[in-house]
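Structure at a glance
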Amino acid sequence: MPIGLFLAALAAALTCATAALAAPPSALDLTKAPAIQDVSIAPDGKHLVALASPDGQVVDIVVWRTDALGAQPVRIRAAHMRFVGVGFLKSDRLFVAAVQPANIQSNPTNLFKTYVTDLEGKSFDPLLPVSSIGSDLTTSWNQIVDSDVVSTLPMDPRHVLVEDRRLGSEGDVYRVDAYTMSAERVMKGSDKYFGYQVDLKGALRAREYADFNNGKMFIAQQLRDPDSGQWVELFRSYAKDRS
């Protein structure tokens, strides 16, 4: 091939490649779900879980057995919500985050909710039992808020610690059975305290709270005395001292 013709062909190919690379992504491309995300392994090492999307639109929970990774995995798909997060609460219990449509006081909206399910997705249960006691406003607000996992209690084969965020019981901490979903309150709290931490036995040992001292805002750390059970302030960090 003459050198001139070769260079012309090469230039044309480079021009086409540059044009293809420079093409901006579409809005659909930018909103596509990853092929796989949120991968984690069960505490007993027997299963893997992840969110996976076959087409960038539908998002499934996918569960593999680690002793048969080549086998067909369990695929859990939802019809009325979109999975956005997944992990293990216990070796055979999943903690799932999802966005789902709802109607709050005749206003359509989308809610971020969390659920507990098994490795086959047979049922999806909230962290704390649903309660409709109270005014219509309280009930509507409690549909929006969600509970938080304080600790998965790795040394406990059945239970987790959960902090309530609902009106009327906000800040209460419960010991929840991840299999029966029964809940026992272990501490009466308030919306003032947050950042709870536990020891290896699952006992609450530390927490934080925010307050003001002569108009100066601070965040304080408290430790729970193992003998008296009283909360003792460890130190304070003032907002004015933070750079």
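Structure: see above.
Residues numbered from 1 in each chain as written. Predicted model: local features only at pLDDT ≥ 70, side-chain atom pairs only at ≥ 80, totals over all residues. Heavy atoms only, no water.

A tally of regular secondary structure across the protein gives 3 helices and 15 strands. Expressed as a percentage of contacts within the protein between residues at least 6 apart in sequence, the contacts between residues at least 24 apart total 33%. Approximately 14,800 Å² of the protein is accessible, and the part contributed by carbon and sulfur atoms is 57%. (Helix = DSSP H or I, 4+ residues; strand = E, 2+ residues; numbered from the N terminus. Contact = heavy atoms within 4.5 Å. Areas by Shrake-Rupley, 256 points an atom, 1.4 Å probe, with all protein chains shown as cover.)

Glancing now at the sheet that holds strand β6 (residues 93–104). A sheet is described by the order of its strands in space; here 3 strands give the open sequence β5-β6-β7, paired in antiparallel fashion. Whereas interior strands pair on both sides, the edge strands pair on one side only; in this sheet they are β5 (82–90) and β7 (107–118). Taken over all neighbouring pairs, the strand axes of this sheet differ in orientation by 25° on average, direction set aside. With 12 bridges joining them, β6 and β7 adopt antiparallel strand pairing. In the strand pairing of β7, L94 is matched with T117. (Pairing = 2+ DSSP bridges. Axes fitted to C-alpha atoms, helices over the stretch in contact; angles between N-to-C directions.)

Before going further, it helps to examine the pairing of strand β10 (residues 173–177). With respect to burial, β10 is a largely interior element, 4 of its 5 residues being buried. In terms of strand pairing, β10 meets strand β11 (residues 183–187) through 4 bridges, oriented antiparallel. Among the inter-strand pairings, Y174 is bridged to a residue of β11, identified as R185. Count of turn residues in the β10/β11 antiparallel hairpin: 5 residues, of which M181 carries a positive phi of about 65°. (Buried < 20%, exposed > 50% of the residue type's maximum accessible area, 1.4 Å probe, protein only.)

V49, I61, F83, V86 and L94 are the most contacted members of the largest nonpolar core, which has 17 residues in total. If you list the elements that add at least two residues to this core, you get β2 (47–52), β3 (60–65), β5 and β6. Sequence-distant contacts of F83, that is, excluding residues within four places in its chain, are made with L51, V59, D60, I61, I76, R77, A78, V96, A97, A98 and F124. Counting 12 residues, the second-largest nonpolar core is a separate cluster that includes L153, M187, F218 and Y238. (Core = buried A, V, L, I, M, F, W, Y, C linked by side-chain atoms within 4.5 Å.)

Before going further, it helps to spend a moment on the environment of G171. Mapped onto the elements of the fold, G171 is located in the loop between β9 (159–163) and β10. Dropping the residues within four chain positions of it, G171 is found in contact with E163, D164, G189, S190 and Y196.

With that settled, consider the sheet that holds β3. Sheet architecture is open: 4 strands sit in the order β1-β2-β3-β4, paired in antiparallel fashion. For this open sheet the edge positions go to β1 (36–41) and β4 (74–76), each flanked by a neighbour on one side alone. Within this sheet the neighbouring strands show an average axis-to-axis angle of 20°, counted without direction. Pairing analysis gives 4 bridges linking β1 to β2, with the strands arranged antiparallel. In the sheet register, I41 faces β2, and the bridge partner there is L48.

Moving on: a nonpolar patch on the surface. A cluster of nonpolar side chains, V84, V99 and F112, forms an exposed patch at the surface whose accessible area comes to about 230 Å². Mapped onto the secondary structure, V99 falls in strand β6. (Patch = residues over 30% accessible without salt bridge, like charges linked within 9 Å, V, L, I, M, F, W, Y side chains within 5 Å. Salt bridge = Lys/Arg side-chain N within 4 Å of Asp/Glu carboxyl O.)

Another point: the layout of surface pockets. The computed volume of the second largest pocket comes to approximately 210 Å³. Along the wall of the second largest pocket there are 16 residues; nearest its centre are L153, D199, K201, G202 and A203. Classifying every residue of the lining of the second largest pocket gives 9 nonpolar, 2 polar and 5 charged. (1 Å grid on protein atoms, 1.4 Å probe; cavity = no way out; pocket = protein on both sides within 12 Å on 5 of 7 lines; lining within 4 Å. Points joined across faces, edges and corners; volume = space filled by probe spheres on them. Nonpolar A, V, L, I, M, F, W, Y, C, P; charged D, E, K, R; others polar.)

Take D60: it is sitting in strand β3. If we skip the residues at most four places from it in the chain, D60 touches A50, L51, A52, P54, R75, I76, R77 and F83.

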